[in-house]
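What follows is each chain in one-letter form.
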Amino acid sequence: MTQTRVMKDTLATSPRVVALNGASLVAEAIRQTDPDVVAAYPITPQTILMEAFSQMVADGRVRTELVTVESEHAAMSVLIGACAAGARVQSATSGAGLAFMWELLWCASGMRLPIVMHLVSRSLSAPLNILGDHSDVMGARDTGWVQLFAEDGQEAYDNALQAVRIAEHPEVLLPVMSAQDGFSISHSVERAEVLPDELVRSFIGTYAPAHSLLDIERPATFGANDDRQFFALHKRQQYEAMERALGVVSAVGQEYGDLTGRSYGLLEAYRLKDAELAVVLMGSAAGAARAAVDKLRAARVPAGLLKLRLYRPFPAAAVAQALAGKRAVAALDRSAIFGAQGGALFLDVCSALATHGAAPRMLSYVYGLGGRDTVPSHVEQVFRDLEAVAREEPALPAQRFLGLD
Amino acid sequence: MPLNLRELSAKEDLLAPGHRLCAGCTESIVVRQVLLAIQEPVVVACATGCLEIGTSPFPFTSWRVPWIHVAFENAAAVISGVETAQRSLVRQGKLPDRPVRFLAFGGDGATYDIGLQWLSGALERGHHFTYICLNNEAYMNTGIQRSSATPRGGWTTTSPVGKVIPGKREPRKDITAIMAAHNIPYVAQATPHGWKDLMTKVRKAVAVDGPSFINVLSPCTRGWRHELDEGIELSKLAVDTCIWPLFEVESGVWKLSHRPSRKKPILEWIKSQGRFSHLLRPENQHLVEELQVEVDHDWEKLLRRCDAGGPL
Amino acid sequence: MEGMVEIRWHGRGGQGVVTASELLAEAALLEGKFFQALPEFGAERSGAPIRAYTRLGPEPIQIHYAIAEPDVLVILDPTLLDTPGLTQGLKPEGLILVNTTASPDQVRSLLGATAGAVYTLDASAIAQRAIGRPIPNVPLLGALLTLLPLVALPSLRESIQRRLQGRLSPAVVEGNLRALEEGAQAVRREQSPHNGIPSFREPSPAAVAQAAPVWSALDPGGVILRPGSSIDYETGSWRSERPVINWDRCTHCMLCWVYCPDSCFSVQGQRLVDLDYTHCKGCGICANQCPPKCIEMVPELVFQEG
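Anyway, here's the lowdown on the structure attached to this text. In this text the structure is predicted, and so the values were computed from the model without any measurement.

**Regarding the sheet that holds strand 9 (residues 221–222) of chain A**
Then step 1. Spatially, 9(A)-2(B)-1(B)-3(B)-4(B)-6(B)-5(B)-7(B)-8(B) is the arrangement adopted by the 9 strands of the open sheet, whose pairing is mixed. One side of each edge strand has no neighbouring strand; the edge strands of this open sheet are strand 9 of chain A together with strand 8 (253–256) of chain B.
Then step 2. Where strand 7 (residues 247–250) of chain B and strand 8 of chain B come together, 4 bridges link them in antiparallel fashion. Within the sheet, the bridge partner assigned to Glu248(B) lies in strand 8 of chain B and is Lys255(B).

Laid out in C-alpha cells, this is it:
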C-alpha cells in the first residue's frame, strides 16, 4: 500500500484510522478475510485493487493462493471450481470484466456457491469509457447474486467483510457482489476505520461447506443437468434463498454494528420521515443528494433521501414503508437501460410501491453516466421537478437525464 | 498394479452404468479406461457435451468420484480452481496432504474451439491436472455440427454435402501439436482400441509435475454414420491408416508409440463411415487423392519429429 | 377444440419418430388443415425412448404443450410395450397402433386391460423389404391413415416425396412410398374387442402426486450426493439385440469387459461371471471385439416372444 497510514491506536485490538482509497480498503478487507483462493484479471478501475492485493501475496501477508488468470471468465471459472472444492474464494472486477463473467454469474448462483466479488463499477462499451457508472452491476442484477452498494470507502470496506458472512450463511448460500463506484470511491483517499485482523477473523469465522469436491470419501456431483421437472424446482428453491437473504443482510449488519459501532440495514433514510418529496439512489452520489436535501429544507421544501444499500434482493417492503405517504418520488439510476419506461431502480421502486398500495407521482432520472459528476444542484433540480408534478402540473417525460435535458 | 486386464478387473468401476450415452458410444469406454488406469483418488471436471449430459441427468449421476460441470468452454479453468483449492487448503493445514489427481474431460468442441483460451491459460499457469479430449470430430451433443476437429471432406449438419460444396472444406486443426507447443511436461494421442497404450499414457500424464494433455479419438455412431458395434474397430483403423497416429511428447521429446506394419490407404477409412460416403462419387475422387496426400504429409512430418527426438 | 385429434408417438432415437410426426403435419398442410408436430427432447441419446406429439384439427392450434390425453398412441418399438405408464392418459375410445410381429390380442395381454382399441403391424419387416432398413415410421403412417382418415393417403405420399426427394436416392423414395401402401394394407385388428377398463399399469393420481419431488426437499444447488446412482436407471430397454455368451468358449480375456461402454460385464476372481442385461444397450462392441467370437447378438424379440 502506498497511501499514508495514520495510526489512531497502536493496539492491534483497536481499530486503525487510515487514509486510504476505496480500492485499497477493499484490498485490505480481502487480506483480513484471508480467502483460500483469489482469482482475478486486471481491468480499470479495479486494477489498483488487484495490484495492492498481489503485493500482499508477494509479501506473504496472506495465505491466499492467487490465480492470475487469462480472463475474467476464467477468474469466475476458477472460483466456481475452488468454491465447490470447499475453499473460501473472492475476486474483483469492473465493467466489461463483469460482462464477460455473465454466463458464469448464473452458474455460481445456481450452484449456490458463496463466492464474494468486489466490484469497482464502470460503464460498458460502446463507446469505450473506463469511468464509473452502474451499467455493469445493473446488467448483473437478475443473475441471482446478492448486491450491495457502498457510498464511500468505509462502506465498501464494511460491506466487503459482511459479504463473506452473508454469502456463507446456511440460509443463503449465494454469491455476493459488493460494489463501489469506479474512481469516485475506488481512487478517492478518505478517512476510514479498519478493524483489527483478529476481530475480522472472529467476525467471519471459519467456512465449513456441507459438501466438497475434495471430500474424496463422499463423492458428490456438482452441476448436474435438469430436465423440465427439476429445473423449475431448483430455481424455486434458489428464489427462496434470495428472499431469506433480506433477513440475513439485516442481521449481519446489526451484528457488525454491535462490533464496530457502524450498523447497517437494508437502506438508509435521510430527513425522509416528514418529507413529501423523496429521491431514491445508490452509491457515491448520496452525499450530493444529502447536501441538496439540506439546502431545500432550509428553504422549507419538504425534501428527503432514501439511499439503498441492498439492491438484490430488492428490499421492496422496506422501500414501500420508507416512501409511504410521499407525494412524489424520483428514482435516480446511474445506468441507462434502453427501451424500458425508466431506469432499473425506478422500475423496482415503482413495483415496490404499487404492490404495497402506495401511489405517489413517480419520476425516473439517469445520472452520472461514464464518470459524469453529480452535484447538489442536479439533485435540487430533481426536487423542483418533484414539486411541480406534486402540484399536478403537466407530466414530464418518462425518462429524464440529469444535467442533460 | 500392472496394466493387465485380469488384474485391473478387480478394481471398482468408477463410472456406473445407467448413463444415457448412445448405445455403442466410445466416450464412456475411454472414461472407464482412464479411471481404471489411475491408482490415486481423482476429481473430475467435465465440459458441457455428450459425456456431461449423458452421465449427470439429475437426480442420477454415473460418477463414483467427485465431479463438477460448469459450462462448455471452461473445464480447464474449473479444474485449475479445484487444484488450487487443494494446494491452498493443504498448505494451510486445512486438508490432509494426500495425492489427488485432477482430470478434465472435454469434447473436441470444448477443446479445439470454444475452450481453447481457458485450456491454454490453465496450461501456462502450470496447474497439476490432466486434460483429456474426447475427440469425436464434431459437435455431437447438439446434433453433429462441424468443429475445427472435423476432417476435410467430412459431412456434418453445418458442413453438409450440397450441390456445390462436398462437406467440410478446411483441414482439421492440429490441437495436439498446439498443446505440445505450450511446453508442458506430457502430451499424447491415444485411442480406446489401444487400451494398454491409453492407460500407460494416462499413468504417465497424471504422474508428471504439471499439466498434461491426451487427445483420444472417440468414434461416434451417430455422427460418423457407422454401425453400433464398430467404434473400437474404427479407432484401430484410424491408427492403421495414419489418420490418428499414436505418439507422445514427453518433456518436449516426440516419440511414436506405434508404427503400423502396413499403412492402410485412406480409402479404407473413407469407406468405413457414412459421413464420407459422398467422397466415393466419381466427381469427388480428386478429394480422396488430396486427403491421401495430406495424411502422408502429416505422417512424414510426425516421423521427422519423432526421429529428431530419438529412435523408436 | 372440436374435431382436434391428438397423437402421441413412442419410439427410440433413430426410428423416425420425429419424422413421422412431421410428415403427417406436412400432409395436413397440403390439405389446408391445421396441425402441430412437437418433439420432446431430453438427455437421452440414440437408442433411448423418445416421444413426439402431433395435433391435427380444423382450426388453428394455439396450445403448445405435451399431449397428456391422446386419441392415438403409435408405438414404433415393440420393446417399449412393457414401459410403465406407456398408455397413460389414452382416451377410452382411443386407438393404439404398435409396430410388432405380435397379434393385437397378444399386445392387449402385454399392455394389460387398457383402454383403447389395439392394432398391430410388422412395420420393421415392411421397411426392411422396401428400403433395406427397418425404420418403421412410414408403414405405420400408412396403417394409421387406414384406421383414421386424418389426411388422405395421396397427401402423405406427396409429403414423403417432398421431404425425401433430392436427399435420398430415387430407389429409397420409391421404397418409402411402397412401404406406405403396404402398411395401409397389412394392419391387423383385435379379434375380441376390449372391455374399456382402464389399465392397472397406470399409476394412480395419488401415487403420481406422492412421487413428484418437492423443491424444498432438494439439496441446494442441485448437488447429487449418491455416487453412481445412475445404476438405478435401467437402459436395458434400449436394446434391440442382446449379447449372449457361449461360456464354453470364453477365455476370460476381459476384452469385452474393458471395451463395454456400459460397464455391463461382471467379474469375480479374474473371471467373467455375468452380463448385466438391465443396463446393456445392445451395441454389440463386445461381440465385435471378442477374439474367440463367443458372443452372439440375438434379436431381443426372440426373448420377448418367449
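**With respect to unusual backbone geometry**
Then step 1. For the bond running from Ser125(A) to Ala126(A), omega is -5°, close enough to zero to count as cis.
Then step 2. Relative to the assigned elements, Ala126(A) resides in the loop between strand 5 (116–121) and helix 6 (135–139).
Then step 3. At Arg225(B), a position not held by glycine, the phi torsion is positive, near 60°.
Then step 4. Topologically, Arg225(B) is positioned in the loop between helix 9 (221–224) and helix 10 (231–240).
Then step 5. Among the residues examined, Arg225(B) registers 15 C-beta atoms within 10 Å and is labelled partly exposed.
Then step 6. Notably, Lys293(C) is not glycine yet its phi reads approximately 55°, a positive angle.
Then step 7. Structurally, Lys293(C) can be placed in the loop between helix 9 (285–289) and strand 11 (295–299).

**Brief notes about the pairing of strand 7 of chain B**
Residues and elements named next belong to chain B.
Then step 1. Of the strand pairs in this sheet, strand 5 (residues 186–190) and strand 7 are connected by 3 bridges, and their pairing is antiparallel. Each residue of the ladder has a partner; that of Val187, found in strand 7, is Val249.
Then step 2. Joining the antiparallel neighbours strand 7 and strand 8 is a turn of 2 residues, in which Ser251 adopts a positive phi near 45°.

**Focus: the nonpolar core**
Then step 1. Ranked by internal contacts, the top residues of the largest apolar core, which has 312 residues, are Leu79(A), Ile80(A), Val280(A), Phe105(B) and Leu97(C).
Then step 2. Discounting chain neighbours no more than four positions away, the residues touching Leu79(A) are Val37(A), Ala39(A), Val89(A), Ser91(A), Ile115(A) and Gly81(B).

Calculation rules
Going along each chain's sequence as written, the residues are numbered from 1 onward. Lettering for chains starts from A, numbering for ligands starts from 1, and both go in the order in which the items are written. Reporting in this predicted model follows two pLDDT cut-offs: at least 70 for local features of residues, and 80 or more for side-chain atom pairs to be given and counted; totals over whole chains, interfaces and linings ignore these cut-offs and use all residues. Two strands qualify as a pair provided that DSSP identifies no fewer than 2 bridges between them. Helix and strand assignments follow DSSP, with helices taken as H or I runs no shorter than four residues and strands as E runs no shorter than two, numbered in order from the N terminus. To sort residues by burial, count the other C-beta atoms lying within 10 Å of each one's C-beta; a count of 20 or more means buried, 12 or fewer means exposed, and anything in between means partly exposed. C-beta atoms are built from the backbone. In these notes, a nonpolar core means any group of buried Ala, Val, Leu, Ile, Met, Phe, Trp, Tyr and Cys residues linked to one another through C-beta atoms within 7 Å. Two residues form a contact once the distance between their C-beta atoms, set from the backbone, is within 7 Å.

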